[in-house]
Amino acid sequence: MSDAAPIRLVIFDFDGTLSDSGDWFLSVVDELARKYKFRTVQPDQVDMLRHKSSREVIEFLGISKWKLPLIARHLRRLVGQNAHQIELFPGTPDLLEQIAATGVRIALVTSNAEANARKILGPEHAARIDLFACGSSLFGKAPKFRRVLKKMGMKPHEVLAIGDETRDVDSAREVGMRVGSVLWGYAAEELLIAMQPDVLFRAPQDIIDYVAANR
């Protein structure tokens, strides 16, 4: 994939990329573990899990695949009830504003619900997003990516997908899009470096600069 291809669309993940929901998630994971009968996460295990791929985390926690949609649905409800406790990462508002100002379009692909994303973003920032594709299954982002491309009339090489987990890299590659990983989200830096995304971002300003240089 050539970096010379102009970027016409940026697709963002939400949780861990735009929204700082990690601490909130850790506060409810024991409740989820009790309800859905999987291993609880001890405080001293958090860093270890950040060094595992998304699939390895699921395996470590002992979550059956058939339970994943049930857990995701329950988690979306909990987020909806507690959206006021979850904030955007510092720099997210300026990031969305600056990218929108360049004329590059913005989409959101997330396993979270659209209503939750809109609540946390607030109306001003949500208005900068051209398309919401929400409620994807945990490992089901590739079909959502393809639908976004089709709806927005984009080719994969014109798109930059940005997320904070290994599954974001895998899904973007499956579709043939350029992929960037943020280093302020869930997955550990060493793990994301090993995934070899097209670009790594240490701060929101890095995304603004990269998009401006590749328009």
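In this text the structure is predicted, and so the values were computed from the model without any measurement.

This next bit is on the environment of Asp-130. Positionally, Asp-130 belongs in the loop between helix H7 (123–126) and strand E5 (131–134). Looking at Asp-130, the relative accessible area reads 42%, which means it is partly exposed. The residues touching Asp-130, leaving out its near neighbours within four places in the chain, are Arg-105, Ile-106 and Met-152.

What follows covers the nonpolar core. Membership of the largest hydrophobic core comes to 49 residues, with the highest contact counts inside it found for Phe-12, Phe-38, Ile-99, Phe-201 and Ile-207. Looking at this core, the element that brings in the most residues is helix H1 (residues 22–36), giving 6 residues. In this structure Phe-201 touches Leu-160, Ile-162, Gly-180, Ser-181, Val-182, Leu-183, Trp-184, Asp-206, Ile-207 and Tyr-210, once residues within four positions along its chain are discounted. By size, the runner-up hydrophobic cluster in this structure holds 20 residues, among which are Leu-131, Met-152, Val-169 and Met-195.

Let us look at the environment of Glu-158. In this structure, Glu-158 sits in the loop between helix H8 (141–152) and strand E6 (159–163). Judged by relative accessible area, which is 14%, Glu-158 ranks as buried. For the pair formed by Glu-158 and Asn-214, sequence separation is 56 residues and the distance between their alpha carbons is 9.9 Å. Among residues more than four places away in sequence, those in contact with Glu-158 are Pro-6, Ile-7, Arg-8, Leu-9 and Gly-153.

Another aspect to go through is the packing of aromatic side chains. Think of a pair of aromatic rings as described by two things: how far the centres are apart, and how the planes are tilted against each other in angle. On inspection of all chains with the given rule, the structure shows 2 aromatic pairs. Centroid distance Phe-89 to Trp-184: 6.5 Å. Interplanar angle 65°. Geometry classified as edge-to-face. Residue Phe-89 is found in the loop between strand E3 (87–88) and helix H5 (92–102), and its partner Trp-184 is found in the loop between strand E7 (178–182) and helix H10 (189–195); the two are separated by 95 residues along the sequence. Of the two residues, Phe-89 and Trp-184, both sit in the buried class. Ring geometry for Phe-201 against Tyr-210: centres 5.8 Å apart, planes inclined by 75°, an arrangement best described as edge-to-face. Considered together, Phe-201 and Tyr-210 belong to a single accessibility category, that of buried residues. A cation over an aromatic ring shows up here: Arg-39 above the ring of Phe-60, its NZ or CZ 4.5 Å from the ring centre.

Looking now at the pairing of E5. Neither face of E5 is open: one carries Leu-131 and Ala-133, the other Phe-132 and Cys-134, and all of them are buried. Two strands pair when backbone bridges link them, and strand E4 (residues 105–110) and E5 are joined in this way by 4 bridges, in the parallel orientation. From the neighbouring strand, Val-109 faces E5, where its bridge partner is Ala-133.

What counts and how
Residues numbered from 1 in each chain as written. Predicted model: local features only at pLDDT ≥ 70, side-chain atom pairs only at ≥ 80, totals over all residues. Heavy atoms only, no water. Helix = DSSP H or I, 4+ residues; strand = E, 2+ residues; numbered from the N terminus. Buried < 20%, exposed > 50% of the residue type's maximum accessible area, 1.4 Å probe, protein only. Contact = heavy atoms within 4.5 Å. Core = buried A, V, L, I, M, F, W, Y, C linked by side-chain atoms within 4.5 Å. Phe/Tyr/Trp six-rings, centres within 6.5 Å; stacked < 30°, edge-to-face > 60°. Lys NZ or Arg CZ within 6 Å of the ring centre and 35° of its normal. Pairing = 2+ DSSP bridges.

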